[in-house]
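Examination of the molecular architecture
Each chain, letter by letter, is given below.
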Amino acid sequence: MQHSLIPSLETAYLISDWVIRIGMLIVVPWRRPPEATRSWLLLIFFLPLAGLLLYLAIGRSTFPAWRRDRFARLSSFRAEMVAGLPTAPISDDDPGRPAAALARKLGGWPEVGGNLVDFLDDYDEVIRRLVADIDGAKHNVRILAYIFADDATGRRVVAALGRAVERGVACHVLIDPVGSYRWIRNTTGMLRDAGVEIREALPLRFLRGRTRRDMRNHRKLFLIDGSIGYAGSQNIVAKDFRPGITNRELVLRVTGPVVAELAALFVGDWFLETETMLTIRSDELEPSGTAVVQLLPSGADFGFQGFEMMLVDQIHAARERVTITTPYLIPDESLLGAMRIATLRGVAVDIITSQVVDQPLVSLAQRSYYDQLLYSGVRIHEFRDDLLHAKSVCIDGTLGIVGSSNVDIRSFQLNNEASLLLFDRASIAELERIQRDYVAHSELLTLARWRGRAPLAKIAENLARLVTPLL
């Protein structure tokens, strides 16, 4: 009996392996880019059972039906908000008009005028201004953070929120539990003790969860009284929370009608987690400047890879120059093709990334693309000293983008992100100045020097590239 059982178990194991392999040949390619399909099938063919379990956990970038239903229920709210906005349609001959029209199709929000935009690229100044604005709040404070730590920086913000609650200001905070996993328990406790209403964004529910466990809310939005908004790359954590690494960020502090769009995005995210609708004050529509700004939200809720589509479209449309700042660069084939075609058309394409590394596997995968990019004429600048965590794009001096989205597959397909599109020349000129400063403090890579790196480094990069669609 014992001898007859062993072959049967071995046979069953082999059969199950091939059932998984053949079955996943049918399932994996469904509505999936070729590069992601290749990576998943390679994993499953080598490790069928482990690959299947991983695929069931993180293989499908869609939300469950209950969340899709809630998002659909927000459509009337968004339509009502759009109808009340003082839109500033861009003229037919303005080169920014196609981008604005596409952004409205992708994210649902129009371009609005009457805004004042401040660029904040000093980490400590962002926290100082935020605390001061919270101390001046009269009605409400709403914060959405990917990382909200319980360190000295986080405690400063919590203390300001506590003072606001004591004045009768309603304070609501959304925190991503994965981004904040090191601090979530203490931070949540401090906020509740201060009287703040706190919820987790995309909580890890295993009985009523998402289809993919690593889909995150990566937005960073800080809103005060519906009249002041912050959007960009900075979290609420010390700039050197990783030992030996100091973060360099870029945040827009905006006032004017575009704050209503940011507020509506927060209200929508709060509703998706709580089914409770917060109110938005009418003073969010008051003009305060002359800048034309547009919100582009992106994420699996929208059904489109909004930020990537905007980026690819604008690179194809570029005539003179494209400058992209991102800490993480893992492009898919459409973005790679757009950049290579742009350089062949004579467009100057510059990518500013960070020489300082905080995620080694992502860095290895990122560097595997450098040879293709450098060979096609893309210039890659590695920012020295700090981790350049800022995310921004400039196209031809006619469009600027600042937000939370990296130029990688995770931000394109999995994360909820928020980007602000800038159409006025003064704002774009300031963003270009900041990017030139990045370049001045960067090292320009050359193809010859890059190809001279150690063979082991090339092997590690190529192996890491195999899993880029899974990162």
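Cut-offs used in this document
Throughout, a residue's number is its position along its own chain's written sequence, starting from 1. Side-chain atom pairs in this predicted model are given and counted only at pLDDT of 80 or more, local residue features only at pLDDT of at least 70, and totals for whole chains, interfaces and linings cover all residues. Note that the side-chain values use all heavy atoms of the structure and ignore hydrogens as well as water. Numbering goes from the N terminus for both helices and strands, where a helix is a DSSP run of H or I of at least four residues and a strand is a run of E of at least two. Throughout, radius of gyration means the C-alpha value; the globule benchmark is 2.2 Å times the number of residues raised to the power 0.38. Classification of residues uses two cut-offs on accessible area relative to the type maximum, computed with a 1.4 Å probe and protein chains only: under 20% is buried, over 50% is exposed, and between them is partly exposed. Salt bridge, as used here: a side-chain nitrogen of Lys or Arg that lies within 4 Å of a carboxyl oxygen of Asp or Glu. Ring geometry is summarised as follows: Phe, Tyr and Trp rings, the Trp one being its six-membered ring, pair when their centres sit within 6.5 Å, and such pairs are stacked at plane angles under 30 degrees, edge-to-face over 60 and tilted between the two. Here, a charge over a ring means that NZ of Lys or CZ of Arg falls within 6 Å of the ring centre while also lying within 35 degrees of the ring normal. Each direction from the helix axis to a C-beta atom contributes to the arc, which is the arc of those directions. Any two residues whose heavy atoms approach within 4.5 Å are treated as being in contact. At least two DSSP bridges between two strands are needed for those strands to be called paired. Polar contacts, as counted here, are pairs of nitrogen or oxygen atoms within 3.5 Å of one another; within protein the pair requires one atom able to donate a hydrogen and one able to accept it, and residues that are adjacent in sequence qualify only if both atoms are side-chain atoms.

**Some points on the overall build of the protein**
A count of helical and extended segments in the protein gives 18 helices and 19 strands. Against the globule reference of 23 Å for 471 residues, the protein gives a C-alpha radius of gyration of 23 Å, in line with a compact fold. Along the three orthogonal principal directions, the C-alpha set of the protein runs to about 80 × 55 × 45 Å. Each of the 471 residues in the protein was classed as buried or not, and the buried ones make up 58%.

**Considering the pattern of salt bridges**
Under the counting rule described, the total for this entry stands at 25 salt bridges. R248 is the salt-bridge partner of D121, the closest N and O atoms lying 3.6 Å from each other. One end of the pair, D121, is in the loop between β1 (112-120) and α7 (123-135); the other, R248, is in strand β7 (residues 247-248), and 127 residues separate them in sequence. On the basis of relative accessible area, R248 is assigned to the buried category, the value being 18%. Sharing partners across several salt bridges, the network here consists of D69, R70, R73 and E275.

**Topic: the packing of aromatic side chains**
Tallied over the full model, the rule gives 7 aromatic pairs. Taking 5.2 Å as the distance between ring centres and 75 degrees as the angle between the ring planes, the aromatic pair formed by F71 and F302 counts as edge-to-face. Note that F71 is positioned in helix α4 (residues 65-73) and F302 in the loop between β9 (291-298) and α11 (306-317), a separation of 231 residues in sequence. Measuring from centroid to centroid gives 6.1 Å for F266 and W270, while their planes differ by 20 degrees, and the two rings are stacked. Of the two residues, F266 and W270 both sit in helix α10 (residues 258-274), 4 residues apart, roughly one turn of that helix. Each of the two residues, F266 as well as W270, counts as buried. Its guanidinium or amino end placed over the ring of F71, R78 lies 4.4 Å from that ring's centre, counting from NZ or CZ. Positioned above the aromatic ring of Y369, the side-chain terminus of R465 is 3.9 Å from the ring centre.

**Notes on the environment of G23**
By the secondary structure assignment, G23 is in helix α1 (residues 2-27). As a C-alpha pair, G23 and L54 span 31 residues in sequence and 15 Å in three-dimensional space.

**Here's the deal with helix α13 (residues 360-367)**
At 3.6 residues per turn, the α-helix brings residues three or four places apart onto the same side. Among the residues of α13, V362, S363, A365 and Q366 are the ones counted as buried. Around the axis of α13, the buried residues are gathered within 165 degrees of arc, so they sit on the same side. In this fold, the buried residues of α13 make contact with β11 (329-330), β12 (348-354), α14 (370-376) and α18 (455-465).

**Describing helix α9 (residues 184-193)**
For α9, every residue scored as buried is listed here: I184, T187, T188 and L191. Angularly, the buried residues of α9 cover 100 degrees about the axis, an arc narrow enough to put them on a single face. Counted as exposed and oriented over 90 degrees from the buried face of α9: R185 and D193. Buried residues belonging to α9 abut α8 (152-166), β3 (170-175) and β4 (197-200). Count one or two residues on from α9 and you reach G195, which has phi positive near 90 degrees.

**What to know about the pairing of strand β16 (residues 399-403)**
Of all 5 residues in β16, 5 are buried; the element is thus mostly enclosed. Where burial is concerned, the two faces of β16 agree: the one with L399, I401 and G403 and the one with G400 and V402 are both buried. Sheet analysis places strand β15 (residues 392-395) next to β16, joined by 4 bridges and oriented antiparallel. For S392, the partnering residue across the bridge sits in β16 and is V402. Where β15 folds back on β16, the antiparallel hairpin that results is connected by 3 residues, among which D396 adopts a positive phi of roughly 55 degrees. The pairing of β16 with strand β18 (residues 417-422) spans 4 bridges and is classified as antiparallel. Its bridge partner being in β18, G403 is matched across the sheet by S419.

**Some thoughts on the environment of A145**
Its location among the elements puts A145 in strand β2 (residues 140-145). As a C-alpha pair, A145 and I15 span 130 residues in sequence and 47 Å in three-dimensional space. Leaving out residues up to four positions away in the same chain, A145 has contacts with L174, I175, D176, R219 and I236.

**Here we look at the side chain of N235**
Note that N235 resides in the loop between β6 (228-232) and β7. Within polar-contact distance, the side chain of N235 engages the backbone nitrogen of I147 at 3.0 Å. Setting aside anything within four residues of it in sequence, one finds N235 in contact with Y123, Y146, I147, K220 and H389.

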